[in-house]
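# Coordinates in review
Okay, here's what each chain looks like letter by letter:
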Amino acid sequence: MQDLTIGNPQKVLWKFCLPLFGSVVFQQLYNIADSLIAGRFLGENALAAVGNSYEITLIYIAFAFGCNIGCSVITARYFGSKDYSSMKTSINTSLLSSGVICIILMLIGFIGGKELLTLIHTPSDLLADSLLYLNIYVLGLPFVFFYNLATGIFSALGDSKTPFYFLAVSSLSNIALDVVFVTTLDMGIAGVAWATFICQGISCVLAIIFVFYKTGKLKAENKPSVFDSHIFKQFITIAVPSILQQSFISIGNIIIQGVINSFGAGVIAGYAAGVKLNNLVITSFTTLGNGVSNFTSQNLGAKKISRINEGFVSGIKLVWCICLPISLLYFIFPHVLLSLFLDNPSTEALRSATLYLKILAPFYFVVSAKLVADGILRGSSLMKKFMTATFTDLVLRVVLAIVLAKTSLGYVGIWTAWPIGWCIATALSIIFYRRAYVTKKPHAI
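Predicted model only: the values in this text are computed from it and were never measured.

Rules used in this analysis
- What you see as residue numbers is a count from 1 along each chain, following the sequence as written.
- Residues qualify for local features only when their pLDDT is at least 70, as the model is predicted, and side-chain atom pairs are given and counted only at 80 or more; totals for whole chains, interfaces and linings, by contrast, use all residues.
- Where side-chain values are given, they derive from all heavy atoms of the structure, hydrogens and water being excluded.
- For every residue, the predictor states its confidence as a pLDDT score lying anywhere from 0 to 100.
- Only heavy atoms enter the contact rule, under which two residues are in contact if any of them lie within 4.5 Å.
- Only DSSP runs of H or I reaching four residues or more are called helices, and only runs of E reaching two or more are called strands; each is numbered from the N terminus.
- To sort residues, take the accessible area from a 1.4 Å probe on protein chains only and compare it with the maximum for the residue type: under 20% means buried, over 50% means exposed, and anything in between is partly exposed.
- Each patch is built from residues that are more than 30% exposed by relative accessible area and take part in no salt bridge. Like charges join if they lie within 9 Å; nonpolar side chains (Val, Leu, Ile, Met, Phe, Trp, Tyr) join within 5 Å.
- To measure how exposed things are, a 1.4 Å probe is used in the Shrake-Rupley method; for residues, cover is taken only from the protein chains shown.
- Any Lys or Arg side-chain nitrogen located within 4 Å of an Asp or Glu carboxyl oxygen qualifies as a salt bridge.
- What a helix should span is 1.5 Å times the count of its residues minus one.
- At every residue, the bend is computed as the angle between two fitted axes, covering the seven residues ending there and the seven beginning there respectively.
- Think of a polar contact as two N or O atoms within 3.5 Å of one another; within protein, one of them needs to be a possible hydrogen donor and the other a possible acceptor, and neighboring residues in sequence only count if both atoms come from side chains.
- We define a nonpolar core as any set of buried Ala, Val, Leu, Ile, Met, Phe, Trp, Tyr and Cys residues linked to one another through side-chain atoms lying within 4.5 Å.
- For helices, the fitted axis covers only the stretch in contact; all axes are lines through C-alpha atoms, and the angles between them, taken along N-to-C directions, range from 0 to 180 degrees.
- By the definition adopted for this analysis, an angle is roughly parallel if under 35 degrees, roughly antiparallel if over 145, roughly perpendicular if from 65 to 115, and oblique otherwise.
- Note: crossing handedness is left-handed where the near helix turns anticlockwise from the far helix by less than a right angle, and right-handed where it turns clockwise.
- Classification convention: Asp, Glu, Lys, Arg as charged; Ala, Val, Leu, Ile, Met, Phe, Trp, Tyr, Cys, Pro as nonpolar; all other residues, Gly among them, as polar.
- Centres within 6.5 Å are what make two rings of Phe, Tyr or Trp a pair, Trp counting through its six-membered ring; a difference in plane orientation under 30 degrees is then read as stacked, over 60 as edge-to-face, and the rest as tilted.
- Each ring is checked for a lysine NZ or an arginine CZ that lies within 6 Å of its centre and within 35 degrees of its normal; such an atom marks a charge sitting over the ring.

### A look at the confidence of the model for the protein
Averaged over all residues, the pLDDT of the protein equals 84, while 93% of them reach at least 70. Taken as a whole, residues 441–445 scores under 50 in pLDDT and shows four contacts with residues more than four places along the chain or in a different chain.

Set out below in structure tokens:
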């Protein structure tokens, strides 16, 4: 466990965030491995089926992510103020509340999975495989939820290394099981889904065990409660906007997926490959933003407001250092990366995916700055401002994607919607951050 309220802010933040970056890279290997194995060993249609299901799984991940953030920010605040009794109560409350949400989502998933796939205009020849993959994913949803909560708790305590170790092992194991289930046991799409289910399950159980082991070392003055309504309200205040943010982004992506589906299997497969590479980058920056949230929340708990501005500058330096090689790689060598997913791709699939990455890559510097500013807003519980910037990005991307797809640009018009939304939303996030921490006196927060 690491106290983020002492020491040089840049050194502390970088030391804390870099393992988070490594963790999210391995986390994304789960999804990338699924698409990679499906595309290379099962064919272009299988890759398209996983891609369709993936857009829906992002809704479930949105809820898990929101619960992660709600738990993490509140836990970090109490950890920073050394109130270990309330900290443990916040963990118990978060676990119980998230469990109820998970059960509700599982029921919705099993009952309405086919309807969701139909809603995004999934082609009939992809529907069966997409639904099979989706159902197995929903079965493993408790592992997704409680693993995300565990990583949020580790981060709140300043421990970013333990989740990294878990993810490194489980992600590599997932790749190995994908290959065995698909190529040796000939399980098809089901093999890809079951490999993820098994590895996430093992990671989840071990992570929860370690959470209670670590928190058990912190001696509380009073006995923690199983559930506390006041802490629940704090949890909801952070979690619900974060869930809505991710959910509406996922819904927006589903709408966009529906527009993309009208261009045929080649473009669908190309987008499925390209969006995995894009999401690897965005999720990485989002996770680094979460690290900034924990840094902000701990320092607010310790009433060390001045360190937060230094954290913003340090966070920007960190994400831009990561941006540079990724942007160059995606812009110059997209075909090399896409070849991992597409074995003997159609011309349309390769062209659409290449254009997608080339258009987005230069703007990673913009969106990464937004996510650092968002991390401070979220860590400060300034959720209305956070939501305003997020929904601006989402609405612009969805509306522009629908409108531009009908022009002579075709699907290229859809790709251009991303950077437009990012630029405008980034300006809003930075303005909101500056109003809270730069133009106002520190005690105004």
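Here the narrative resumes, following the displayed structure.
### Some remarks on the side chain of threonine 162
If you trace the backbone, threonine 162 turns up in helix α6 (residues 161–184). Taking the relative accessible area as the measure of exposure, threonine 162 reaches 12% and is therefore buried. Not counting residues within four places of it along the chain, the set of residues in contact with threonine 162 comprises Phe154 and Lys214.

### A few points about a nonpolar patch on the surface
A contiguous nonpolar patch, built from Ile103, Leu107, Phe110, Ile111, Leu139, Val180, Leu185, Met187 and Trp194 and spanning about 840 Å² of accessible area, is present on the exposed surface. Relative to the elements of secondary structure, leucine 107 occurs in helix α3 (residues 84–119). Under the relative-accessibility criterion, leucine 107 is labelled exposed at 51%.

### Re helix α10 (residues 306–332)
With 27 residues, α10 should cover 39 Å at 1.5 Å per step; its first-to-last C-alpha distance of 40 Å lies within 8% of that length. The largest bend along α10 reaches roughly 30° and is located at cysteine 323, with the proline proline 325 sitting one to four residues downstream.

### Things to note about the side chain of asparagine 299
Summarising the element assignment, asparagine 299 is placed in helix α9 (residues 265–301). Taking relative accessible area as the criterion, asparagine 299 reaches 0% and is therefore assigned buried. A polar contact of 2.8 Å, which involves the side chain of asparagine 299, links it to the side chain of arginine 307. Excluding anything up to four places from it in sequence, asparagine 299 contacts Leu4, Thr5, Lys304, Arg307 and Ile308.

### Points about the nonpolar core
Burial of nonpolar side chains together is a common tendency in soluble globular proteins. Core analysis: the biggest nonpolar cluster contains 65 residues, and Phe285, Tyr330, Tyr364, Ile414, Trp415 and Trp418 have the highest contact counts within it. Here this core takes 14 residues from α9, the largest share from any one element. Ignoring anything within four residues of it in the chain, the contact list for tyrosine 364 reads Asn278, Val281, Ile282, Phe285, Cys323, Ile326, Ser327, Tyr330 and Trp422.

### Remarks on the packing of helix α14 (residues 383–405) against helix α15 (residues 411–437)
Where α14 contacts α15, the axes come no closer than 8 Å and their chain directions differ by 160°. On the basis of the axis angle, α14 is roughly antiparallel to α15. The chirality of how α14 crosses α15 is right-handed. In terms of residue class, the contact of α14 with α15 is made up of 15 nonpolar, six polar and three charged.

### Things to note about the packing of aromatic side chains
A complete count under the given rule lists 19 aromatic pairs for this structure. Note on tyrosine 364 and tryptophan 422: the rings are 6.0 Å apart at their centroids and 40° apart in plane angle, and the pair reads as tilted. Of this pair, tyrosine 364 sits in helix α13 (residues 364–379) while tryptophan 422 sits in helix α15; the two residues are 58 residues apart in sequence, bridging distant segments of the chain. Exposure class is identical for tyrosine 364 and tryptophan 422. Each is buried. Note on tyrosine 411 and tryptophan 415: the rings are 5.8 Å apart at their centroids and 50° apart in plane angle, and the pair reads as tilted. Highlighted residues: tyrosine 411 and tryptophan 415, both in helix α15, separated by four residues, approximately one helical turn. Both residues of the pair, tyrosine 411 and tryptophan 415, count as buried. Ring pairing ties together the aromatic residues Phe263, Tyr271, Tyr356, Tyr411, Trp415 and Trp418, which thus form one cluster. Over the ring of phenylalanine 331 we find lysine 358; its NZ or CZ atom is 4.5 Å from the centre of that ring.

### Comments concerning α14
Across its 23 residues, α14 extends 33 Å between first and last C-alpha, which sits within 8% of the 33 Å expected from 1.5 Å per residue. Every buried residue of α14 is accounted for by Met383, Phe386, Met387, Ala389, Thr390, Asp393, Leu394, Arg397, Val398, Ala401, Leu404 and Ala405. Against α8 (229–261), α13 and α15 lie the buried residues of α14.

### Some details on the packing of α8 against α14
For the pair α8 and α14, the least separation of the axes is 10 Å and the interaxial angle reads 5°. Comparing their axes, α14 and α8 come out roughly parallel. For the contact of α8 with α14, the residue count by class is 17 nonpolar, six polar and one charged.

### Points about the environment of valine 25
Within the element layout of this structure, valine 25 appears in helix α1 (residues 9–42). Relative accessible area serves as the criterion here: at 29%, valine 25 is assigned to the partly exposed category. Each C-alpha atom, one on valine 25 and one on threonine 287, is 10.0 Å from the other, the two residues being 262 residues apart in sequence. Aside from chain neighbours lying at most four places away, what touches valine 25 is Leu280 and Ser284.

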